[in-house]
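If you want the building blocks of each chain, they are given just below.
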Amino acid sequence: MSQMKHIDNIPSTPGKFKMEKSPYNRLRLHSSLAKLTFWSFVFLGLIFVFFFRSPSTSSPVASDLSRRSLRTYSYGSPGWEKKVIASAKIRSRNGMSVLVTGAAGFVGTHVSAALKRRGDGVVGLDNFNDYYDPSLKRARQELLERSGVYIVEGDINDVTLLKKLFDIVPFTHVMHLAAQAGVRYAMENPSSYVHSNIAGLVSVLEVCKNANPQPAIVWASSSSVYGLNTKVPFSEKDRTDQPASLYAATKKAGEEIAHTYNHIYGLSLTGLRFFTVYGPWGRPDMAYFFFTKDILKGKSIQIFEAANHGTVARDFTYIDDIVKGCLAALDTAEKSTGSGGKKKGPAQLRVYNLGNTSPVPVIDLVSILERLLKVKAKRLMMKLPRNGDVQFTHANISLAQRELGYKPTTDLQTGLKKFVRWYLSFYGNGKKSAQ
């Protein structure tokens, strides 16, 4: 049985929170030009600080960034171009040709496989950095190659490479999923977030704006943009100017940058705010993943609680549901209206929440894993640290339901069962290291 076999739809547990209706069709990220200008200067300043300093001000962090992301890749040979062209070939009527950045990542792998299964042309791009175990990314790459998806090894900041890909393939769509993920890691290596999530996004948009025709772009924002909001569930119309982490701030900056390129250049842009995605082939830095690893190895796991023993909960969303939302966003994306870097008319600009609408306490997640693994966890209750984590997340998905037909169908019990089955198959009861 193929490990990427499509998961059957299973009814999910209804959410316990009343969802608010979204009264608008076209989302405006900000009505204030002053705010937009302010954010633009702030993050242009960050880019300047991190990337235009003199060599004498270099630091171990900058060196680590260089080691992980700014590698030199070889491309452009006739054989390389043939692989790109073959991978981009559309095999279905009315199919699309999609460049998927971050294709060897968790969501990128699943989205690429789903697009290929339905006959779309898909070319992947990934730099295979070592934020987490690169061997897992290589295993995903092998999986995609068996289904006919070629992943170009390169960095999204390599504008020459991006232009080369657009010269070879007239992509109709870009699924931009490449990013520096993780809330806590931002405290160790902040420059990597500016490099990938801000400078990288600008690099992609610059190439797209000059492409002819311009592609429609769907990109990964994050539920983290809601930051310190206390009103639940989170709606797209809620304020997003209180980020609790640098990661969240860079994703918020991405939304402002998307607004700018839509307004000036006519790029069709759709941002997707993912809520705690989990499932097979997932990220080892996510709690459900390293909880599984540590429980199997008999290690203690740290479970965070808020002040006064308050519950920490997440709107865990199964990967298949996220993929359906991504494909729906691509399918409903309107064409960009610019040409050769010049806008010729108003273009589509959207932002959607993609969540499950059923927040689950993290302590309940652990209980489910204990039952599935048949191992009792060694629980160590800890106070929620001030490192960017928030107490809860909960998505209002009414806008995505109405405009994308988005409807999550997998509850946490069902989704974790599928994840554990994959984990035990891939890592062998924890005997193989999951870094």
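Throughout this document, residue positions are counted from 1 along each chain, in the order its sequence is written. Selection of residues for local features in this predicted model requires a pLDDT of at least 70, selection of side-chain atom pairs for listing and counting requires 80 or more, and totals for whole chains, interfaces and linings are taken over all residues. Calculation of side-chain values draws on the structure's entire complement of heavy atoms; hydrogens and water are dropped beforehand.

Caption draft 1: Region of interest: the pairing of strand β2 (residues 121-126). Buried residues are those whose accessible area, probed at 1.4 Å on protein chains only, stays under 20% of the maximum for their type, while exposed residues exceed 50% and partly exposed ones sit between those limits. The numbering of helices and of strands both runs from the N terminus, where a helix is a DSSP run of H or I of at least 4 residues and a strand a run of E of at least 2. Within β2, six of the six residues are buried, which leaves it mostly tucked inside the rest of the structure. Taking every second residue as pointing to the same face, both faces of β2 are buried, with G121, V123 and L125 on one and V122, G124 and D126 on the other. Two strands pair under a simple rule: DSSP has to find at least two bridges between them. Note that strand β1 (residues 97-101) and β2 share five bridges and pair parallel. Looking at the pairing, V98 lines up with V122 of β2.

Caption draft 2: Molecular detail of helix α6 (residues 159-168). Taken residue by residue, α6 has L161, L162, L165, F166 and I168 as its buried positions. Seen along its axis, α6 keeps its buried residues to an arc of 160°; they face one direction. Across α6 from its buried face, at more than 90 degrees, point the exposed residues T160 and D167. Throughout, a contact is declared for two residues whenever any of their heavy atoms are within 4.5 Å. Tucked into the core, α6 has its buried residues touching α3 (78-87), β1, β2, β3 (150-153), β4 (173-176) and α7 (190-210). It is the directions from the helix axis to the C-beta atoms that the arc portrays.

Caption draft 3: Local environment of helix α4 (residues 106-117). End to end, α4 covers 17 Å across twelve residues, agreeing with the expected 16 Å (1.5 Å per residue, within 8%). Within α4, eleven of the twelve residues are buried, leaving the element largely enclosed by the surrounding structure. Within the span of α4, buried status applies to F106, V107, G108, T109, H110, V111, S112, A113, A114, L115 and K116. Positive backbone phi, approximately 100°, marks G119, located one or two places after α4. By this rule the span expected of a helix is its residue count minus one, scaled by 1.5 Å.

Caption draft 4: Spatial organisation of empty space enclosed by the protein. As defined here, a cavity is a set of points on a 1 Å grid over the protein atoms alone where a 1.4 Å probe fits but cannot get out. A pocket is an open set with protein on both sides within 12 Å along at least five of seven lines, and residues line them when an atom is within 4 Å of a point. Grid points are joined across faces, edges and corners, and a volume is the space filled by probe spheres set on the points. Taken as a whole and judged by the stated rule, the model has two cavities of 30 Å³ or more. By volume, the largest cavity is sized at about 50 Å³. If you go around the largest cavity, the residues you meet are H176, A178, A179, S196, N197, L201, W219, A220, T250 and K251. For the lining of the largest cavity, the elements supplying multiple residues, two or more each, are α7, β5 (216-220) and α8 (246-265). The dominant element in the lining of the largest cavity, judged by the number of residues it contributes, is α7, at three residues. In this classification, the charged set is Asp, Glu, Lys and Arg, the nonpolar set is Ala, Val, Leu, Ile, Met, Phe, Trp, Tyr, Cys and Pro, and all remaining amino acids, among them Gly, are polar. Here the lining of the largest cavity is composed, by residue class, of five nonpolar, four polar and one charged. Of the volumes computed, that of the second largest cavity is approximately 30 Å³. Considering the residues around the second largest cavity, the lining is formed by L99, T101, L162, F166, V174, V204, V207 and C208. Elements with a contribution of two residues or more to the lining of the second largest cavity: β1, α6 and α7.

None of this, on its own, says anything about what the molecule does.
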